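If you want the building blocks of each chain, they are given just below.
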Amino acid sequence: RGNPLFLYKFLHLLWKEKLIDFNMGCHRWEWDLENIAARTVVTHNALELLLRDFSHLSKEVRSVLVLSSCLGSCFSERCLFLVWDKMGVNSYLHQGDRTKIRQILANAEEKQFIERVTDGTYKLRAGRHYRWTHDRIMDLAISNVPDDALCALRFEVGSTLFNALNEV
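A brief structural summary. (Residues numbered from 1 in each chain as written. Predicted model: local features only at pLDDT ≥ 70, side-chain atom pairs only at ≥ 80, totals over all residues. Heavy atoms only, no water.)

Brief notes about a nonpolar patch on the surface
Then, in step 1: Taken together, Trp 29, Trp 31 and Leu 33 make up a surface patch of nonpolar side chains, about 400 Å² in accessible area.
Then, in step 2: Checked against the element boundaries, Trp 29 lands in strand β2 (residues 28-31). (Patch = residues over 30% accessible without salt bridge, like charges linked within 9 Å, V, L, I, M, F, W, Y side chains within 5 Å. Areas by Shrake-Rupley, 256 points an atom, 1.4 Å probe, with all protein chains shown as cover. Salt bridge = Lys/Arg side-chain N within 4 Å of Asp/Glu carboxyl O. Helix = DSSP H or I, 4+ residues; strand = E, 2+ residues; numbered from the N terminus.)

What to know about helix α8 (residues 147-167)
Then, in step 1: For α8, with 21 residues, the first-to-last C-alpha span of 30 Å sits near the 30 Å given by 1.5 Å per residue.
Then, in step 2: Every buried residue of α8 is accounted for by Leu 150, Leu 153, Val 157, Thr 160 and Ala 164. The buried side chains of α8 occupy one side of the element, clustering within an arc of 90 degrees when seen end-on. Residues of α8 that are exposed and angled more than 90 degrees away from the buried face: Asp 147, Asp 148, Cys 151, Phe 155, Phe 162, Leu 165 and Asn 166. (Expected span 1.5 Å × (residues − 1). Buried < 20%, exposed > 50% of the residue type's maximum accessible area, 1.4 Å probe, protein only. Arc of directions from axis to C-beta.)

Looking at helix α4 (residues 59-70)
Then, in step 1: If you check α4, its first and last C-alpha atoms are 17 Å apart, about what 12 residues at 1.5 Å a residue would give, namely 16 Å.
Then, in step 2: The element α4 is extensively covered by neighbouring structure, given that 9 of its 12 residues are classed as buried.
Then, in step 3: Within α4, burial applies to Glu 60, Val 61, Val 64, Leu 65, Val 66, Leu 67, Ser 68, Ser 69 and Cys 70.

Details of the packing of α4 against α8
For any two helices packed against each other, one specifies the inter-axial angle together with the distance between the axes.
Then, in step 1: For the pair α4 and α8, the least separation of the axes is 9 Å and the interaxial angle reads 65 degrees. The angle between α4 and α8 places the two elements in the roughly perpendicular class. Handedness of the crossing formed by α4 with α8: right-handed. Residues Val 66, Leu 67 and Cys 70 of α4 form the contact with α8, whose own contacting residues are Leu 150, Leu 153, Arg 154 and Val 157. (Axes fitted to C-alpha atoms, helices over the stretch in contact; angles between N-to-C directions. Parallel < 35°, antiparallel > 145°, perpendicular 65-115°, else oblique. Left-handed = near helix turned anticlockwise from the far one by under 90°. Contact = heavy atoms within 4.5 Å.)

Note that all results are geometric; they support no functional claim without further evidence.
Okay, structure coming up:
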């Protein structure tokens, strides 16, 4: 038994920190256990590894992920664009900068924070749809936002979506 997400994240951390390497001449993986123990925090929790990944994200990436988490466990690119544009989010990204937001979503997908929904759940709706790979990851995205600010942000997102319905 084990957690495949934890294993993936831990191996990725070891590779990124150059603590494991594949020896092409010998056709095998090589590592130094003492060096790994000295340079990594021993953890049995995948969430701790994800938290480490989150701490290295830029402010603009965290902004998009926070806003995405306010849209729920599944969200569409279209809703994210709508909320981003209508709310005039104070950020480095300009309103309508969809290319940059798509790059951020692709990066979050690569890091396995979110995944694209391709199972037909949103078959009748146009555009890309995403879901968080785990509810704890979605919670992690908003973990550094103070409660009062988060409540205000969620209210503003909900109001923006509601008002957009009235415009249709």
